[in-house]
Each structure stands twice: as structure tokens, then as C-alpha cells.
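# A look at the structure
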Amino acid sequence: MFFTGAGMSAESGIPTYRGQGGVWEKYDYRKYATQYAFDEDPDRVWDFHDERRSLVAACSPHEGHRLIARAEATCEQVTVVTQNIDGFHRRVGSRHVVELHGNLWRSRCTSCGTVEEHHQAPRAERRHRCGGWWRPAIVWFGDAIPQAVVDEAVRAIEQCDVLVSIGTSGVIYPAAELPLLAKERGAHLIEINPEETAMSHHYAEHLRGPASEMLAQLVPSA
Ligand code: OAD
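Attention in this report is confined to the structure presented alongside it. (Residues numbered from 1 in each chain as written. Predicted model: local features only at pLDDT ≥ 70, side-chain atom pairs only at ≥ 80, totals over all residues. Heavy atoms only, no water.)

## Section: the sheet that holds strand E5 (residues 115-117)
In space, the three strands of this open sheet follow the order E5-E4-E6, with antiparallel pairing throughout. Because the sheet does not close on itself, it has two edges, and the strands there are E5 and strand E6 (134-138). Ignoring which end each strand starts from, the neighbouring axes of this sheet average 40° apart. For strand E4 (residues 102-109) and E5, the ladder comprises three bridges, and the chain directions are antiparallel. Looking at the pairing, Arg 108 lines up with Val 115 of E5. Along the sheet, helix H4 (residues 42-57) contacts E4 and E6; its crossing angle with E4, the most-contacted strand, is approximately 140°. (Pairing = 2+ DSSP bridges. Helix = DSSP H or I, 4+ residues; strand = E, 2+ residues; numbered from the N terminus. Axes fitted to C-alpha atoms, helices over the stretch in contact; angles between N-to-C directions. Contact = heavy atoms within 4.5 Å.)

Put into C-alpha cells, the structure is as follows:
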């Protein structure tokens, strides 16, 4: 089981959320990543997400993403539970991916509920033909993660023998506490992160370095 956060895609050139140069250092999340902000000014929120889409479109998955996908060749069952919305794990071929916080390329109509996915950056149409606004189908602050997604993540986490957490600060709940379900069931927990995190003390092993290098030590490349 791989449990990934923004640090997983940092080497692809996508900034993390917290820390120096983090997205929430530059932008006040209350103005760009809440339903309240969207209701107040949907164009402002879309401008922000269009910028994120353009940035992600200009970046590519790195060797670390590929090593995780390749782990499927040597491990009986591999699941990726990710907080990332960039879609990189699927893009390199990981087959069982649970996107806890949704996907930047998916939009949902706030009026009729239609969901669509396409990789336009910036998004041409901000309103669905029914007249309702599209909104990014991602989990903003104050949104609940859809129950089916939580259930799928919990099922996989509770069944795993080894959980490798990569590039997450472990401060956003409920995602942050999910790895503890694996620990309670006796799984071995490994943390990959150049820095100590709020959750480090729960982990049996710590690999202090960037995701791609640490994964190369952990996952056989062939
Ligand atoms: P954060 O930005 O909070 O944390 C990123 C973590 O990645 C930090 O602990 C860094 O030390 C680590 N890191 C940086 N570079 C790395 C590298 N090359 N290799 C490995 N680790 C590295 O990101 P998340 O924990 O993912 O939610 O944040 C959780 C949620 O908060 C996100 O999903 C997002 C955000 O608000 C939503 O947008 C709903």
C-alpha cells in the first residue's frame, strides 16, 4: 500500500501545499478552495483552478510514480491511496488508485450533478448546458470525502501488510489518520519524507529523502 501526498509530485515540479513556496503560502485557501468561496465568486475560484490545471499539464510523472506502478509486477497486490489531484499515479499505469481528494480534471455540475472528465487547461466552459456552474470535482476545505471513496480506502488500508507513506505532512484529516488503521492491524509502516512530520512517530521506518530516490531503494526496478 502506498499512501501519497503532495511531496510525491514535488519532483515533477508541482509545489506542495505547505512549507516554503507552498500553494497555501501564496493563496488564502478560504478564497480559493471552499464551497463558500465558490458560491461567492465562481470565476475567481475557476481562475485559480485553471492555473493549477495549466501547471499540472506542463508537468509529468517522475521515476518515483513509475516505480510504484512497477511494484505491481513483484507484489501480489498494490493499492495507491492518494491525496493528490494530479492523476499522475493512474497516468503511469497504477491500476488500483483511490483518489481521496478527487481529480483536478474532473468537473461536476452544481445544478444537475453531471460529472465529466477532460484535460482542457484552461477549461473553456464554466457552465453546464443545463445552466448550472461546473465546479472542480475535488474535495475542498469543509467538503466531505464521498463515503464510497473513504470505504474503498479503508478496506484496502485495513488489508495491507506494508504501508509506505510518501510526501504528506499528515495534518489534513481524515486522510492523515488513515495509515493508523493499517498499524492497528499489524502492518509495517514506512515513511518517506525529507522532513519529520506530525505522524512520524507512528512509523517503524523513516526514509529521509526525496520520493524518487527513496523509492528506488525500496522497490526493485525490474
Ligand atoms: P503538504 O504540502 O501538507 O505536505 C507535503 C509534504 O511533502 C511535506 O511533509 C514535505 O516535507 C514533503 N516533501 C516535499 N518534497 C518532497 C519530496 N521530494 N519527496 C517526498 N516528500 C517531499 O501536502 P499534503 O500532506 O499532501 O487538500 O496535504 C494534504 C492536503 O492538504 C492536500 O491533499 C490538499 C491540501 O490542502 C486538498 O486540496 C483538499
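## A few points about the pattern of salt bridges
Pairing between side chains becomes possible if they bear opposite charge and their charged atoms approach one another. In total, this model carries 15 salt bridges according to the counting rule given. A salt bridge links Arg 135 to Asp 143; the nearest nitrogen and oxygen atoms lie 3.0 Å apart. Given the relative accessible area of 2%, Arg 135 is considered buried. Of the residues examined, Asp 143 reaches a relative accessible area of 24% and is grouped as partly exposed. Salt bridges sharing common partners tie together Asp 43, Asp 47, Asp 50 and Arg 126. (Salt bridge = Lys/Arg side-chain N within 4 Å of Asp/Glu carboxyl O. Buried < 20%, exposed > 50% of the residue type's maximum accessible area, 1.4 Å probe, protein only.)

## A word on the site of the ligand
Neighbouring residues of the ligand: 22 residues in total, closest Tyr 17, Arg 18, Val 139, Thr 168 and Ser 169. Gly 7 places a polar main-chain atom, nitrogen or oxygen, 3.4 Å from a nitrogen atom of the ligand. Take Arg 18: an N or O atom from its side chain is 2.6 Å from an oxygen atom of the ligand. For the ligand, the accessible surface in isolation is 800 Å², of which the surrounding protein chains cover 90%. Using a 2 Å cut-off from the grid points, one finds that the ligand occupies the largest pocket. Classifying every residue of the shell around the ligand gives ten nonpolar, nine polar and three charged. (Near = heavy atom within 4 Å. Polar contact = N/O pair within 3.5 Å; in protein donor to acceptor, adjacent residues only side chain to side chain. Areas by Shrake-Rupley, 256 points an atom, 1.4 Å probe, with all protein chains shown as cover. 1 Å grid on protein atoms, 1.4 Å probe; cavity = no way out; pocket = protein on both sides within 12 Å on 5 of 7 lines; lining within 4 Å. Sits in = over half its atoms within 2 Å of the grid points. Nonpolar A, V, L, I, M, F, W, Y, C, P; charged D, E, K, R; others polar.)

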